[in-house]
Amino acid sequence: MNALRAGRWLAAIPMAALAIATVYPLVFTANVAMKTRHEYVLDRFAPAEGLRWDAFATAWASADMGRYLANSLIVVGGAVALLLLFGSMAGFALSQLRFRGSRALYLACLAALFIPFQVIMVPLARTMGQAGLVDTYPGLILAYTAQFLPFTVFLMTSYYSGIPAEIVDAARIDGNSAYGVYGRIMLPLGRPALLSVGILNALFCWNDVLIALLLMPSAEHRTLMVGVTSLRGQYSADIPTFAGGVLIAALPVLVLYLCFQRQIATGVTAGSTKG
Amino acid sequence: MPTATTDSPVRTALRTGPVTPRRRARSGRGAAGRSRAERLAPYVLVAPAALIIAVFRLYPLGLGVNFSFTGDGDRNGQAVGLDNYAALFEDPLFLASMKNVGLLVLLLPVAVAIPGLLATFIYLRVPGHRVYRSVYFFPAVLSPVIIGAIFNLLLAFDGPANALLGTVGLGPVDWLGDPDIAMYAVVGVHIWATFGMALVVFLAGFATLDASLIDAARVDGASLPRVVRHVIVPGLSRTIQFVVVTTMIGMLTSMFGLLYVMTGGGPEGSTYLPEYYIWFQQGQMGRPALASAASTVLFCVMLVVGLAQIAVLRRAGRED
């Protein structure tokens, strides 16, 4: 008993150190962004002399980050909308409706979950190119939807299987068609799962760089993360502006995390305990 | 659609005329009595997801495997047998990337043990456990690109990491420029960025654990290591299995952003991973067929690693 208690306090020390190590890189970057180039060269660690927002303004204006941000919002918004719509439709059908082939479809979906993008990216890029979808918004939206749909269907199916069949039956007796049950019962009931899976998908799409690099090659269609990769070459001599640009790109995710921490954790752990 | 052919004339007759709610309710006793639209409904609902997954995920897999047996450049489209695979295993870059996969497999226990241990401490209510959970998880939501950019700053040769080492008298380390060190630096950053993910999964596993078992062990005066060894590990075998597999998959498929930003595969090709090699051959060298062969190898590696780990963990679980 006592040994355990002492152990707990002993463990708290490295854990606190690790917590600092987790947060410090970001704090350091924020501090650098507030400095002038001269300050940075003189001392990297000292706190900035004041709150200066120049670096952020410069990065925003001269690195075209507004355009990249708009591109990201379009693509992520489109993909998340499609993912939630198609994922909840399929999840409802696979969990609550009985039809021939449902088991096979579910298994195919599960199998697709284990195909990493790297394995299919060459043929996918080729097919997309032949269809004229490379370097277009619909192309990237479709690629993201395809990438994260198996996961979304899997999560929505397991969430909807927890809804008692009586609810569906009652709605049927009230005269609802399958579509009516979906629209009037399943969508509202699925809100917590949709929120969780939607935020998670938004994060995945927002953070992606490989798919965007592959399918959106032109500068004007760059997403924000691809834009960040080009910051370094642009500002290799101006570290504060570089840091400012990186932080601008990190800010939306930071806000999302602070608001929806619980939903993100739920989404990440789903499937881990059920196997 | 699959069901369109299984109509009987009687049912079709039942379906004519506007379907009022009341009629539907009466005829909706079983699947057989439903209208055609109703019987098609599940397929309509599943169709968009099924089509997208089939066309953009399952079909390309087959296409890619096929593609890996054809040639690049002058021999575009011609069947070349196993030439691409032969070329692959003669390419020092690809061999370097496979060697790095081996390194990742060796580092896997570390990447699983760290979050496992931390989750144990949090579960045992180390002072401040509520804060740790959200702090540790935070880097997991940031894009590898952003993390890579931040660590480019921190690990620069004249950067703060070396300045810190300098104050304790250790020589500057060329974190990202030394071929013997760069891969460890990148993997270290990857573990730093993702251990929170595994931690949260472990904590979810702990929530399903029977707390009275741990209390009983404590009352019996078991030490912490013994509690971990005899109560927690067996109780969490399923969670551990999940974390091991997802961590390995993560290491093999989600380090592209870090590699792209931090090292670009260098120095001297020492930080290549198959995913980076595939991207390089496809996008930069214009050798998609060779890249497809590398994709196929990566897929096989993932299958083998995944199945082997599950088999090993199953056996370990049975012995307990």
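In this text, all values refer to a predicted model and were calculated from it rather than measured experimentally.

Rules of the game
Residues numbered from 1 in each chain as written. Chains lettered and ligands numbered in written order. Predicted model: local features only at pLDDT ≥ 70, side-chain atom pairs only at ≥ 80, totals over all residues. Heavy atoms only, no water. Helix = DSSP H or I, 4+ residues; strand = E, 2+ residues; numbered from the N terminus. Contact = heavy atoms within 4.5 Å. Areas by Shrake-Rupley, 256 points an atom, 1.4 Å probe, with all protein chains shown as cover. UniProt positions renumbered as here; feature names shortened; annotations may be inferred. pLDDT = per-residue confidence, 0-100. Domains from an automatic or database assignment. Buried area = accessible area lost by both parts, 1.4 Å probe. Polar contact = N/O pair within 3.5 Å; in protein donor to acceptor, adjacent residues only side chain to side chain. Nonpolar A, V, L, I, M, F, W, Y, C, P; charged D, E, K, R; others polar. Axes fitted to C-alpha atoms, helices over the stretch in contact; angles between N-to-C directions. Parallel < 35°, antiparallel > 145°, perpendicular 65-115°, else oblique. Left-handed = near helix turned anticlockwise from the far one by under 90°.

Draft legend 1. Here's a closer look at the overall build of chain B. Secondary structure summary: chain B contains 15 helices and zero strands in total. Looking at chain B alone, contacts between residues at least 24 apart form 66% of all its contacts between residues at least 6 apart. Working note: accessible area of chain B is about 14,800 Å², and carbon and sulfur atoms make up 64% of it.

Draft legend 2. Quick peek at the UniProt feature "transmembrane region" (unreviewed entry) in chain B. Residues and elements named next belong to chain B. Feature annotation in UniProt assigns "transmembrane region" (unreviewed entry) to the following positions: residues 40-59, 101-124, 136-157, 181-209, 242-262 and 289-313. Split by type, residues 101-124 is 96% helix and 0% strand. Its first and last C-alpha atoms lie 35 Å apart. Annotated as residues 181-209, this span is 90% helix and 0% strand, and its ends, taken at the C-alpha atoms, are 40 Å apart.

Draft legend 3. Inspection of the confidence of the model for chain A at higher detail. Within chain A, residue pLDDT values average 88, and 96% of them lie at 70 or more. Between the elements of chain A, mean pLDDT differs from a low of 79, seen in helix H2 (residues 37-42) of chain A, to a high of 95, seen in helix H4 (residues 65-96) of chain A.

Draft legend 4. Summary view of the side chain of Ser292 of chain B. By secondary structure assignment, the location of Ser292 of chain B is in helix H15 (residues 288-319). Setting aside residues no more than four positions away along its own chain, Ser292 of chain B makes contact with Val122 and Pro123 of chain A together with Gly64, Phe67 and Ser68 of chain B.

Draft legend 5. Representation of the domain arrangement of chain B in the model. Residues and elements named next belong to chain B. Considered domain by domain, chain B is made up of domain 1 (2-67) and domain 2 (84-319). Looking only at domain 1, the three residues that lose the most surface to domain 2 are Leu61, Val65 and Phe67, adding up to 88% of its buried area. For the pair domain 1 and domain 2, the number of links is zero residue pairs in polar contact (both at pLDDT 80 or more). Across the side of domain 1 that touches domain 2, the residue classes tally to three nonpolar, one polar and no charged.

Draft legend 6. Focus on the packing of helix H6 (residues 117-130) of chain A against helix H14 (residues 274-284) of chain B. Between H6 of chain A and H14 of chain B, whose axes approach to 9 Å, the crossing angle comes to 15°. With respect to H14 of chain B, the axis of H6 of chain A lies roughly parallel. Seen along the crossing, H6 of chain A lies across H14 of chain B with a hand that is right-handed. Contacts from Gln118, Met121, Val122 and Ala125 of chain A in H6 of chain A reach Glu275, Ile278, Trp279 and Gln282 of chain B in H14 of chain B. A per-class count over the contact of H6 of chain A with H14 of chain B returns five nonpolar, two polar and one charged.

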